[in-house]
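Notes for the structure review
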Amino acid sequence: MKSRLSTVLIALAVGGLVAGVPFGELCYKCQEPTSEGCVWAKALLPVSLTVGAVLGLGASVIAFVVARAVQRRRRRDASMPANER
């Protein structure tokens with residue numbers, strides 16, 4: 001159970017990082033609130049959040065599958081005798 005929890009936490013962290021990109025972009029572009037980049041970033045924030053959520057979900061799934069495969073391979077290698085590796 002511990003290994004699954006760590007896999008899920010890794011996947012959530014990757015997904016959160018990807019989904020949080022629009023907020024980082026908004027903070028970067030709105031250092032001067034009246035700039036054209038800030039106005040566009042605020043106007044397109046709903047679209048950016050939707051795309052970020054979809055990409056974050058995809059990244060989470062990929063991270064989960066990869067982390068799970070690595071864990072299974074390590075477990076299989078650990079249970080295999082040294083002369084069969």
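Everything numeric here is computed off the predicted structure, so don't read it as measured data.

Formally, a disulfide is one covalent bond, and it connects the sulfur atom of one cysteine to the sulfur atom of another. Tallying each qualifying case throughout the model produces one disulfide. Sulfur-sulfur distance for the disulfide between Cys-30 and Cys-38 comes to 2.1 Å. Negative torsions about the S-S bond denote left-handed disulfides, and the value of about 95 degrees found for Cys-30 with Cys-38 makes this one right-handed. Since its relative accessible area comes to 1%, Cys-38 is described here as buried. No disulfide involves Cys-27; its sulfur sits 7.9 Å from that of Cys-30, the nearest cysteine.

What follows is about the pattern of salt bridges. In the structure shown here, the tally under the stated rule is one salt bridge. The partner of Glu-25 in a salt bridge is Lys-29, with the nearest N and O atoms 3.0 Å apart. On the criterion of helical spacing, the pair formed by Glu-25 and Lys-29 is a turn pair, its members being four residues apart in helix α2 (residues 21–29). Looking at Glu-25, the relative accessible area reads 34%, which means it is partly exposed. On the basis of relative accessibility, which here comes to 34%, the residue Lys-29 falls in the partly exposed class.

Bringing the packing of α2 against helix α4 (residues 45–79) into the picture now. Remark: α2 packs on α4, axes separated minimally by 8 Å, with the N-to-C direction vectors making an angle of 145 degrees. Across the interface between the two elements, Pro-22, Phe-23 and Leu-26 from α2 touch Leu-45, Ser-48 and Leu-49 from α4. When its residues are assigned to classes, the contact of α2 with α4 shows five nonpolar, one polar and no charged.

This part is about the environment of Pro-46. With respect to the helices, strands and loops of the structure, Pro-46 is situated in helix α4. With relative accessibility at 52%, the residue Pro-46 sits in the exposed group. Spatially, the C-alpha atoms of Pro-46 and Pro-22 are 9.4 Å apart, while their sequence positions differ by 24 residues.

Thresholds, definitions, all that
- Residues numbered from 1 in each chain as written.
- Predicted model: local features only at pLDDT ≥ 70, side-chain atom pairs only at ≥ 80, totals over all residues.
- Heavy atoms only, no water.
- Disulfide = S-S within 2.5 Å.
- Buried < 20%, exposed > 50% of the residue type's maximum accessible area, 1.4 Å probe, protein only.
- Salt bridge = Lys/Arg side-chain N within 4 Å of Asp/Glu carboxyl O.
- Helix = DSSP H or I, 4+ residues; strand = E, 2+ residues; numbered from the N terminus.
- Axes fitted to C-alpha atoms, helices over the stretch in contact; angles between N-to-C directions.
- Contact = heavy atoms within 4.5 Å.
- Nonpolar A, V, L, I, M, F, W, Y, C, P; charged D, E, K, R; others polar.

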